[in-house]
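Chain by chain, the residues:
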Amino acid sequence: MASASARLAPVLVRAPARPAPPRHGTTERVLGHAGGLLRVLGGPGTGKTTLAAELAADRILRGGADPENVLVLTANRRAAIALRAAISRRITGSGVRIAREPLVRTVHSYAFGVLRLQANLRGTPPPRLLAGPDSDAVIRELLAGDVAEFGAADWPERMRPALQLPGFAAELRDLLLRAAERGLGPEDLVELGRTHGRPEWVAAGRFGAQYEEVTLLRGAVGAESFGGAAPALDAAELVTSALVAFDTDDSLRDREQARVRHLLVDDAQHLDPQQFQLIVRVGRTAQESVLFGDPDQAVFSFRGAEASLLADLDPYSAENRRVQFRGE
């Protein structure tokens, strides 16, 4: 007779795939979406993220979509992990093949993936991600050198005493990031400063050009074994660079647009203008694009997020399809 411990020995089994959720009300409208752009708006706790997971699983299990053709974007890494787990629970045991690309990504992760794909296709070194502390360190070094060698001649005299303070470096980096999120390069900052009589913007723009040269040079030094320069990019520059890649590399853009047939974006109210444009590039040719969010819950405006992009603008066509989601 088998011992009690043997009878209770754990057995690892795959859980069966979840049955299709009941389709009623708003859920039915979203899951039954025929194609094109759809925005699902609802307040906190209404179940938008759960519905996004259900929609992704529905398209794979019951719509027959290849996981490779489904892209789900979220606002941050923690949300991406949670949403990825929610989708995995719904499709586990269904025999669905594993996709080469992550099913759920942050916008910045997706932008990095686009640039890495372009580098692989061209045989060039992939970009490197420049972390915030590393970026701050480079800015402090450049400011200190500017003060020591040139007396900070490019900066307004009233600002020179603050140039070597840690807080000034952080504020300068924030300005450059906010500009990049709106598609403004160093030369644009210089032009805006001259137009509006803001000499500090002119100085920041000139500094931004120097900062870009230094980060590119550091990337080149670290990538000598690849035979070329690997640009070091911060988070905002990743998105801008991915947009440039799509606009200048037709084969890359066509390849990615052909791959992504179902685009789902959770917490879309947190998108800044450049992130929104990246989603437009991919989503305008997708079979369907569904944006989930709450324009009244935008808490990252200090990082450049603009909830009006979700609430008011329709980037794809004159037709505007919107569902108000209150949970069911």
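Here the residue numbering is sequential within each chain, running from 1 through the sequence in written order. Confidence filtering applies because this is a predicted model: local features only for residues at pLDDT of at least 70, side-chain atom pairs given and counted only at 80 or more, and all residues used for totals across whole chains, interfaces and linings. Side-chain numbers here rest on the full set of heavy atoms in the structure, without hydrogens or water.

Moving on to the overall build of the protein. Within the protein, the secondary structure is distributed over 13 helices and eight strands. For every residue, the accessible area (1.4 Å probe, protein chains only) is compared with the maximum for its type, and the residue is labelled buried under 20%, exposed over 50%, or partly exposed between those bounds. Put simply, the protein has 328 residues, and 45% of those count as buried. By the convention used here, residues are in contact when the closest approach between their heavy atoms is within 4.5 Å. When contacts within the protein are restricted to residue pairs at least 6 apart in sequence, those whose partners lie at least 24 apart make up 78%. Total accessible area on the protein stands at roughly 16,800 Å², and carbon and sulfur atoms take up 53% of it. Strands are runs of DSSP state E lasting at least two residues, helices are runs of H or I lasting at least four, and both sets are numbered from the N terminus onward. Only the protein chains shown count as cover for residues, and all accessible areas are computed by the Shrake-Rupley method using a 1.4 Å probe.

In this section: the side chain of His262. Tracing the backbone through its elements, the reader meets His262 in strand 6 (residues 262-265). Not counting residues within four places of it along the chain, the set of residues in contact with His262 comprises Arg59, Ala65, Asn69, Val70, Leu71, Gln287 and Glu288.

Moving on: the pattern of salt bridges. Criterion for a salt bridge: a side-chain nitrogen of Lys or Arg within 4 Å of a carboxyl oxygen of Asp or Glu. This model, assessed by the stated rule, comprises 14 salt bridges. Linked through salt bridges whose partners overlap, the residues forming this network are Asp58, Arg59, Arg62 and Glu288.

This prediction gives the protein a mean pLDDT of 79; 76% of its residues lie at or above 70. In predicted models, pLDDT denotes the confidence assigned by the predictor to each residue on a 0 to 100 scale. Per-element mean pLDDT across the protein ranges from 49 in helix 1 (residues 4-7) up to 96 in strand 6. Across residues 11-18, confidence stays below pLDDT 50; counting only partners more than four residues off in sequence or on other chains, it has 12 contacts. Here residues 220-227 scores under 50 on pLDDT; set against residues more than four positions off or in separate chains, the count is eight contacts.

Side-chain rings of Phe, Tyr and Trp (the six-membered ring for Trp) are treated as a pair once their centres are within 6.5 Å; stacked means planes under 30 degrees apart, edge-to-face means over 60, and tilted covers the remaining angles. Counted by the stated rule, this structure contains two aromatic pairs. Aromatic side chains Trp155 and Phe168 sit 5.5 Å apart centroid to centroid with 75° between the ring planes, which places their arrangement in the edge-to-face category. Of this pair, Trp155 sits in the loop between helix 6 (132-150) and helix 7 (166-181) while Phe168 sits in helix 7, and the two are 13 residues apart along the sequence. A relative accessible area of 14% places Phe168 in the buried class. An angle of 55° between the planes, with centres 6.4 Å apart, marks the rings of Trp155 and Phe207 as tilted. One end of the pair, Trp155, is in the loop between helix 6 and helix 7; the other, Phe207, is in helix 9 (residues 199-222), and 52 residues separate them in sequence. The class of Trp155 is buried, set by a relative accessible area of 3%. Of the residues examined, Phe207 reaches a relative accessible area of 3% and is grouped as buried. Put simply, the rings of Trp155, Phe168 and Phe207 pair up and form one aromatic cluster.

This next bit is on the side chain of Glu288. Locating Glu288 in the fold gives a position in strand 7 (residues 288-293). In this structure the side chain of Glu288 is engaged in a polar contact, spanning 3.1 Å, whose partner is the side chain of His33. Excluding its chain neighbours within four sequence positions, the residues that come into contact with Glu288 are His33, Gly35, Gly36, Arg59, Arg261, His262 and Leu263. N or O atoms within 3.5 Å of each other form a polar contact, as long as, within protein, one can give a hydrogen and the other can take it, and as long as residues adjacent in sequence are counted only when both atoms are side-chain atoms.

Another point: helix 4 (residues 77-91). For helix 4, with 15 residues, the first-to-last C-alpha span of 21 Å sits near the 21 Å given by 1.5 Å per residue. When helix 4 is considered as a whole, its buried residues turn out to be Ala80, Leu83, Ala86, Ile87, Arg90 and Ile91. The arc enclosing the buried residues of helix 4, seen along the axis, measures out at 130°, which places them on a common side. Turned more than 90 degrees away from the buried face of helix 4, the exposed residues are Arg77, Arg78 and Arg89. Here the buried face of helix 4 lies against helix 3 (48-61), strand 2 (70-74) and strand 3 (104-106). The backbone nitrogen of Arg78 has a side-chain oxygen 3.2 Å away, supplied by the residue at the start of helix 4, namely Asn76. Positive backbone phi, approximately 85°, marks Gly93, located one or two places after helix 4. To estimate the expected span of a helix, count its residues, drop one, and scale the result by 1.5 Å. An arc is given here, and it is the one of the directions from the helix axis to the C-beta atoms.

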